[in-house]
Amino acid sequence: MTDSAKLHQPHPPPKGERSHAGDFSYVGIDAILEQMRRKAMKQGFELNIMVVGQSGLGKSTLMNTLFKSKVSRKSAQPNPEEKIPQTIEIKSISHDIEEKGVRMKLAVIDTPGFGDQINNENCWQPIMKFINDQYEAYLQEEINIDRKKRIPDSRVHCCIYFIPPTGHCLRPLDVEFMRRLSKVVNIVPVIAKADTLTLEERDDFKQTIREELRANGIDVYPQKEFDEDAEDRLINDKIREMIPFAVVGSDQEYQVNGKKILGRKTKWGTIEVENIAHCEFAYLRDLLIRTHMQNIKDITGSIHYEMYRVRRLNESNAGPGLAPDRHTDTHTDTHTL
């Protein structure tokens, strides 16, 4: 056999794949899926989650529970003497996570000081500025003549907003924050420490919050206007009926009926974090990680970032050029799990 003939011999199919050698009509278009999977596995994934809420609502614990790792800022940078800051601080911690060969760079962005002051007027502004700064950084990389092959993505993909379990209604602070920030980032509201409410109180509180969100024109994720088709709408309608998720976080392991679970022990029994009869943590986890992660990132890029990009380009057309906005200096520590 000549060298030329050897070059044109078909490669055997990868292990586990069916050979189509005898199928005269087979073209091979479906192989693109395997090519995309291999490329994605090599590159890895990025996810940037912001957590917002007053202190004491279990933000750090919930993040650790979501990823079953010490990913929160307080876990990565423990400080037993930490005091409530006088102004809002924005701190980002990065982690490299791997599961079954899939690598993900996770950034958890914390906002200590939010909602903890006597006067919380305009406390959403530093957070809005941080989110826009990340869009600006991405835009400046995009318009570079010698731009990177893969632009580092620090854009905030999702903001989990923690609502105190008062059982009454949203506070003016909650309404103002979500009304303003829902226009620039995907917001997923949760009722923190939901085990402090009875099931009846929880359901009534959730219904009240949904009505207040509608009354104030607050469109949280998944936004109805971005449903791509009838199938999407059917799935997302079920999620919208459940929002806000009533969650309980815990990184403590217990044995219940011979099975290892994450939960919280009380004098009435053990609250199982991943048991949907006890709380809605599992629904939140599925939304953020298992079913909608890519959609959350797509909406960030194609809707929120695109709106920012168009606004900035329009400003540059009306002015001297696209000069970078002033950036907030934020400290990012990298921690590999």
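Residues numbered from 1 in each chain as written. Predicted model: local features only at pLDDT ≥ 70, side-chain atom pairs only at ≥ 80, totals over all residues. Heavy atoms only, no water.

Caption draft 1: Structural view of the overall build of the chain. Counting its regular elements, the chain contains 10 helices and 10 strands. When the 337 residues of the chain are sorted by exposure, 41% land in the buried category. Summarising the internal contacts of the chain: among those between residues at least 6 apart in sequence, 68% fall at separations of at least 24. Here the chain displays about 19,800 Å² of accessible surface, and carbon together with sulfur accounts for 51% of that area. (Helix = DSSP H or I, 4+ residues; strand = E, 2+ residues; numbered from the N terminus. Buried < 20%, exposed > 50% of the residue type's maximum accessible area, 1.4 Å probe, protein only. Contact = heavy atoms within 4.5 Å. Areas by Shrake-Rupley, 256 points an atom, 1.4 Å probe, with all protein chains shown as cover.)

Caption draft 2: Expanded view of the nonpolar core. If you look at the biggest cluster of nonpolar residues, it comprises 76 residues, and the most contacted ones within it are Phe67, Ile127, Ile160, Phe177 and Leu181. For this core, the element with the highest residue contribution is helix 5 (residues 125-142), accounting for seven residues. Once residues within four sequence positions are removed from consideration, Phe177 is found in contact with Val52, Phe114, Trp124, Ile127, Cys159, Tyr161 and Ile187. (Core = buried A, V, L, I, M, F, W, Y, C linked by side-chain atoms within 4.5 Å.)

Caption draft 3: Expanded view of a negative patch on the surface. A cluster of like negative charges, contributed by Glu200, Glu201, Asp203 and Asp204, occupies part of the molecular surface. Along the polypeptide, Asp204 turns up in helix 7 (residues 199-215). (Patch = residues over 30% accessible without salt bridge, like charges linked within 9 Å, V, L, I, M, F, W, Y side chains within 5 Å. Salt bridge = Lys/Arg side-chain N within 4 Å of Asp/Glu carboxyl O. Lys, Arg positive; Asp, Glu negative; His and termini not counted. Charge placed at Lys NZ, Arg CZ, Asp CG, Glu CD.)

Caption draft 4: The arrangement of the packing of aromatic side chains in detail. Tallied over the entire structure, the rule returns six aromatic pairs. An angle of 45° between the planes, with centres 5.7 Å apart, marks the rings of Tyr135 and Tyr308 as tilted. On the criterion of sequence distance, the pair formed by Tyr135 in helix 5 and Tyr308 in helix 10 (residues 293-318) is long-range, its members being 173 residues apart. Here Tyr135 matches Tyr308 in class, with each residue buried. (Phe/Tyr/Trp six-rings, centres within 6.5 Å; stacked < 30°, edge-to-face > 60°.)

Caption draft 5: Layout of the sheet that holds strand 7 (residues 253-256). Taken together, the three strands give an open sheet; going across it, the order is 7-8-9, and neighbouring strands pair in antiparallel fashion. The open sheet has two edge strands, strand 7 and strand 9 (269-272), and neither has a second partner. Put simply, the sheet's adjacent strands are angled 70° from each other on average, direction ignored. Pairing geometry for strand 8 (residues 259-266) and strand 9, over four bridges, is antiparallel. Each bridged residue has a counterpart across the sheet, and for Gly263 the counterpart in strand 9 is Glu272. (Pairing = 2+ DSSP bridges. Axes fitted to C-alpha atoms, helices over the stretch in contact; angles between N-to-C directions.)

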